[in-house]
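# A look at the structure
Each chain, written out:
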Amino acid sequence: MTGLSTILIVVGLFLAGGVYSFSKQKLPKGVIGLLALCSLLCLVAGVLRIQGIWE
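Residues numbered from 1 in each chain as written. Predicted model: local features only at pLDDT ≥ 70, side-chain atom pairs only at ≥ 80, totals over all residues. Heavy atoms only, no water.

The number of helices and strands found in the protein chain is two helices and zero strands. Considering only intrachain contacts with a sequence separation of at least 6, the fraction spanning at least 24 residues in the protein chain is 61%. When the accessible surface of the protein chain is totalled, it reaches about 4100 Å², and 75% of it is carbon and sulfur. (Helix = DSSP H or I, 4+ residues; strand = E, 2+ residues; numbered from the N terminus. Contact = heavy atoms within 4.5 Å. Areas by Shrake-Rupley, 256 points an atom, 1.4 Å probe, with all protein chains shown as cover.)

The next thing to look at is unusual backbone geometry. Despite not being glycine, Lys-26 shows a phi value in the positive range, around 60 degrees. Examined against the element boundaries, Lys-26 turns out to sit in the loop between helix H1 (2-24) and helix H2 (29-51). Assessed through its relative accessible area of 71%, Lys-26 is described here as exposed. (Buried < 20%, exposed > 50% of the residue type's maximum accessible area, 1.4 Å probe, protein only.)

Moving on: H2. Here H2 spans 32 Å end to end across 23 residues, near enough to the 33 Å set by a 1.5 Å rise per residue. Ile-32, Leu-35, Ser-39, Cys-42, Ala-45, Gly-46 and Arg-49 are the residues of H2 that are buried. Where the residues of H2 are buried, they touch H1. (Expected span 1.5 Å × (residues − 1).)

Right, let's talk about the nonpolar core for a bit. Leu-15, Val-19, Ile-32, Leu-35 and Cys-42 form the largest nonpolar core, which has five residues in total. For this core, the secondary structure elements donating two or more residues are H1 and H2. Here this core gets three residues from one element, more than from any other, and that element is H2. If sequence neighbours within four positions are ignored, Leu-15 has contacts with Leu-35, Cys-38, Ser-39 and Cys-42. (Core = buried A, V, L, I, M, F, W, Y, C linked by side-chain atoms within 4.5 Å.)

To continue, consider the packing of H1 against H2. Viewed as axis vectors pointing N to C, H1 and H2 meet at an angle of 155 degrees, and their least axial separation amounts to 8 Å. It follows from the interaxial angle that H1 and H2 lie roughly antiparallel. Once H1 is placed against H2, the crossing between them reads as left-handed. Considered class by class, the residues forming the contact of H1 with H2 number 19 nonpolar, six polar and one charged. (Axes fitted to C-alpha atoms, helices over the stretch in contact; angles between N-to-C directions. Parallel < 35°, antiparallel > 145°, perpendicular 65-115°, else oblique. Left-handed = near helix turned anticlockwise from the far one by under 90°. Nonpolar A, V, L, I, M, F, W, Y, C, P; charged D, E, K, R; others polar.)

Next up, the structure:
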């Protein structure tokens, strides 16, 4: 299922871009932290699915 892995990685990178943008706009750290956590979880899940560790 590389399609789902690709989607997870793309969403994770999109959220990582949001973290960068929000930090430039000086938004509250709670919002930035939550967005960073979601980004990290999407990226890790996508990589683990590609590796075949988490199916």
